[in-house]
Amino acid sequence: MGTGSAGEGLMYATIRDGKLDSFTIDPRLMRLPSGELAEHVMTAVNAALDDLRGRQASVDQPVDVDVLAESLGEVQDRSVRQMARMNDALRDVVALLREPPR
């Protein structure tokens, strides 16, 4: 989805799935001459299309599998260390529970 505005935010366009999905014009803009109003419409729609293209470009970037694998390896290592600490803490709690009351 891409969004764009014009006329100091008084006109708003939304593009979804490559089509104009919604378009809102503040009634105050309706007082403008038709040529000026048309320019604002074009600006809002083009801004929404640019926004959509920008979002798609960031999503369509190829994934570097080596970087991803390295990151996942780091997460796994941290997880193993955390689990070991939790295991040690649980072992300490069980040892305390087994001690006879004083």
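Here goes a summary of the coordinates provided. Every value quoted in this text rests on a predicted model; they were computed, and no experiment measured them.

1. Let's talk about the sheet that holds strand 2 (residues 11-16)
On the basis of which strands lie adjacent, the open sheet formed by 3 strands has the order 1-2-3 and antiparallel pairing. Two strands close off the open sheet at either side, each with one partner strand: strand 1 (2-6) and strand 3 (19-25). For this sheet the average axis-to-axis angle between neighbouring strands, irrespective of direction, equals 15 degrees. Pairing geometry for strand 2 and strand 3, over 6 bridges, is antiparallel. Of the residues in strand 3, the one forming a bridge with Met11 is Ile25.

2. Overview of the pairing of strand 1
Alternating residues of strand 1 divide into Gly2, Gly4 and Ala6, all buried, and Thr3 and Ser5, none buried. Bridge count between strand 1 and strand 2: 5 bridges; the pairing is antiparallel. Each bridged residue has a counterpart across the sheet, and for Thr3 the counterpart in strand 2 is Thr14. Between strand 1 and strand 2, which pair antiparallel in sequence order, lie 4 residues; one of them, Gly7, sits at a positive phi of approximately 60 degrees.

Conventions used here
- Residues numbered from 1 in each chain as written.
- Predicted model: local features only at pLDDT ≥ 70, side-chain atom pairs only at ≥ 80, totals over all residues.
- Heavy atoms only, no water.
- Pairing = 2+ DSSP bridges.
- Helix = DSSP H or I, 4+ residues; strand = E, 2+ residues; numbered from the N terminus.
- Axes fitted to C-alpha atoms, helices over the stretch in contact; angles between N-to-C directions.
- Buried < 20%, exposed > 50% of the residue type's maximum accessible area, 1.4 Å probe, protein only.

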